[in-house]
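# Structural features, examined
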Amino acid sequence: ISNWVKRHPGGYRVISHYSGEDATDAFVAFHPDSQFVQKYLKALQIGELAATEPNQDRQKKEDVVSEFRVLRADLERRGLFRANPVFFSLYLGHILLLEVLALMLVWLTGTGWISSPLCAVLLATSQAQAGWLQHDFGHLSVFKKSKWNHLLHKFVIGHLKGASANWWNHRHFQHHAKPNIFSKDPDVNMLHAFVLGDTQPVEYGIKKLKYMPYNHQHKYFFLIGPPLLIPVYFTIQIMHTMFSRKDWVDLAWSVTYYMRYFLCFVPFYGFFGSLVLLNIVRFLE
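Calculation rules
Residues numbered from 1 in each chain as written. Predicted model: local features only at pLDDT ≥ 70, side-chain atom pairs only at ≥ 80, totals over all residues. Heavy atoms only, no water. UniProt positions renumbered as here; feature names shortened; annotations may be inferred. Salt bridge = Lys/Arg side-chain N within 4 Å of Asp/Glu carboxyl O. Helix = DSSP H or I, 4+ residues; strand = E, 2+ residues; numbered from the N terminus. Buried < 20%, exposed > 50% of the residue type's maximum accessible area, 1.4 Å probe, protein only. Disulfide = S-S within 2.5 Å. Phe/Tyr/Trp six-rings, centres within 6.5 Å; stacked < 30°, edge-to-face > 60°. Polar contact = N/O pair within 3.5 Å; in protein donor to acceptor, adjacent residues only side chain to side chain. Contact = heavy atoms within 4.5 Å.

As recorded by an unreviewed UniProt entry, the protein carries the name Fatty acid desaturase 2 and is attributed to Limnothrissa miodon. UniProt's Sequence similarities (unreviewed entry) comment on the protein is quoted here verbatim: "Belongs to the fatty acid desaturase type 1 family." In its Pathway (unreviewed entry) section, the UniProt entry covering the protein states "Lipid metabolism; polyunsaturated fatty acid biosynthesis."

Enumeration over the complete set of coordinates arrives at 13 salt bridges. Measuring nitrogen to oxygen at the nearest pair gives 3.0 Å for the salt bridge that ties Asp-74 to Arg-77. Of this pair, Asp-74 and Arg-77 both sit in helix H4 (residues 62–77), three residues apart, which is roughly one turn of the helix. For the salt bridge of Asp-187 with Arg-171, the shortest nitrogen-to-oxygen distance reads 3.1 Å.

Once that is clear, we can look at the environment of Arg-245. Relative to the helices and strands, Arg-245 is located in the loop between helix H11 (226–244) and helix H12 (248–284). Classification of Arg-245 by relative accessible area gives partly exposed; the value is 47%.

The subject of this paragraph is the state of the cysteines. Enumeration according to the criterion identifies zero disulfides in this entry. Summary of cysteine pairing: Cys-119 is not part of a disulfide, and the nearest cysteine sulfur, belonging to Cys-264, is at 10 Å.

Under the criterion given, the structure shown has 20 aromatic pairs. Ring centres of Phe-155 and Trp-253 lie 6.2 Å apart, and the angle between their planes is 85°; on these two criteria the pair is classed as edge-to-face. Of the two residues, Phe-155 is situated in helix H7 (residues 146–159) and Trp-253 in helix H12; the sequence distance between them amounts to 98 residues. Plain terms: the ring middles of Phe-221 and Phe-222 are 5.0 Å apart, the flat faces sit at 85° to each other, and that makes the pair edge-to-face. Accessibility expressed as a relative area gives 36% for Phe-221, which makes it partly exposed. Take Phe-222: its relative accessible area is 59%, and that puts it in the exposed class. Among the aromatic residues, ring-to-ring pairing joins Tyr-257, Tyr-258, Tyr-261, Phe-262, Phe-265 and Phe-271 into one connected group.

Examined against the element boundaries, Arg-171 turns out to sit in helix H8 (residues 165–177). Owing to a relative accessible area of 11%, Arg-171 belongs among the buried residues under this scheme. Polar side-chain contacts of Arg-171 include one of 3.1 Å to the side chain of Asp-187. Discounting chain neighbours no more than four positions away, the residues touching Arg-171 are Pro-186, Asp-187, Tyr-233, Phe-234 and Gln-237.

Listed below in structure tokens is the structure:
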């Protein structure tokens, strides 16, 4: 698949993370429409591995793999992967209601010391809930037709959150393909700010890497983690990704979020005040 991998809708990295390994279970999990992907697979097959070919995946045990596949088949047979459209409609509805309530609150009561924090809490709750809703659309797990999942995904993460669907997919697919594996899962890439797990602290100790006072990381986490992750790091990364990859569709969706937000709150807080409110909401989120 070397010549085809760059055209992979899920990105080339999620495939490269499985080079030399058995990717069967990850493949099944990421491709709900097996008949559709079979069209691509037939043209890419160049041979079959011998039965004695070793599996290079780290610490994978045959009995665990076998039991996992039996469990998955049982869950599918019982219909536990089928989404309820009514639930997701109500889920989206309550997010929109929270957004309206936040605006109505400052419209009716003003921008006082009680209404403004309440407004921030409502918006932060809405943003957090929208984060989980876009997650399910991004996994193509709500509608049977992928195009509807993609459309609603762009609406929720783009228009309701101001982020990029493709940026999220690129990160999150890698996360699920190799959860908590350093250099493969972006969610544990701490940019030298923190050291995690059992091996990374030892590695940093041997190499004498002292980017931060890691013996105090449990204290400074709350000083640089929540305040910077979404308001600063994710925002910069999202914008950089959309421009560098010329992802104009996602950028257009993102712009609609900021237009709507500032049109709603600038009349009450002014531009600078609205910007402060937005960052407080991101921090709370």
